[in-house]
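Below are the chains, spelled out letter by letter.
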Amino acid sequence: MQFKSNVTIVGAKPVDFKDDKTGRVYDYVTLYVEMPLAHNGDNWGNAIEVFKWQDHKNIEKLLQHKAPLKCEMMIEAVSNGKETNLTCLEVILPHVSKI
């Protein structure tokens, strides 16, 4: 299932390296997204959820904005029958005006 959601990105860092032992390539931007805690029990406030946005070069798009950044994110939710995993497919950034 795919859906758009309004989010607040509070931080991000690029990841770009190859694991010499396994040969696996890591190439994404780690997004730190603010999310409300469930309003049950003693919970209060917000938490940070981590998403991976493919291609470390996407950090350049974020550097044109100030944090925290309110924007939209296209998210894919996939379940294995027990738990649901959320993946960032795309970040829809606000227009940057050039003066």
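The preceding data block contains the structure.
Procedures and definitions
Residues numbered from 1 in each chain as written. Predicted model: local features only at pLDDT ≥ 70, side-chain atom pairs only at ≥ 80, totals over all residues. Heavy atoms only, no water. Helix = DSSP H or I, 4+ residues; strand = E, 2+ residues; numbered from the N terminus. Contact = heavy atoms within 4.5 Å. Core = buried A, V, L, I, M, F, W, Y, C linked by side-chain atoms within 4.5 Å. Buried < 20%, exposed > 50% of the residue type's maximum accessible area, 1.4 Å probe, protein only. Phe/Tyr/Trp six-rings, centres within 6.5 Å; stacked < 30°, edge-to-face > 60°. Lys NZ or Arg CZ within 6 Å of the ring centre and 35° of its normal.

Enquirer: What should I look at first to understand the environment of threonine 87 in this one?
Expert: On the secondary structure map, threonine 87 appears in strand E5 (residues 84–92). Through-space distance from the C-alpha of threonine 87 to that of proline 14 is 16 Å; in sequence the pair is 73 residues apart.

Enquirer: Please explain the side chain of asparagine 58 as it appears in this structure.
Expert: Following the sequence through the fold, asparagine 58 ends up in the loop between strand E3 (46–54) and helix H1 (59–62). Excluding anything up to four places from it in sequence, asparagine 58 contacts Val29 and Trp53.

Enquirer: Help me out: how do you make sense of the nonpolar core in this one?
Expert: Side chains of a nonpolar character, in soluble globular proteins, are inclined to be buried together. The biggest cluster of nonpolar side chains holds 15 residues, and the ones touching the most others in it are Ile9, Leu31, Leu62, Met73 and Val91. Going through the elements one at a time, strand E1 (2–18), strand E2 (25–36), E3, H1, strand E4 (69–79) and E5 are the ones with two or more residues in this core. Here the element with the most residues in this core is E4; it accounts for four residues.

Enquirer: How should I be thinking about the packing of aromatic side chains in this particular structure?
Expert: If you walk through the whole model with that rule in mind, you get one aromatic pair. Ring geometry for phenylalanine 17 against tyrosine 26: centres 4.7 Å apart, planes inclined by 20 degrees, an arrangement best described as stacked. On the basis of relative accessible area, phenylalanine 17 is assigned to the partly exposed category, the value being 44%. For tyrosine 26, a relative accessible area of 18% puts it in the buried group. One residue, lysine 52, lies across the ring of tyrosine 28, its end atom 4.8 Å from the ring centre.

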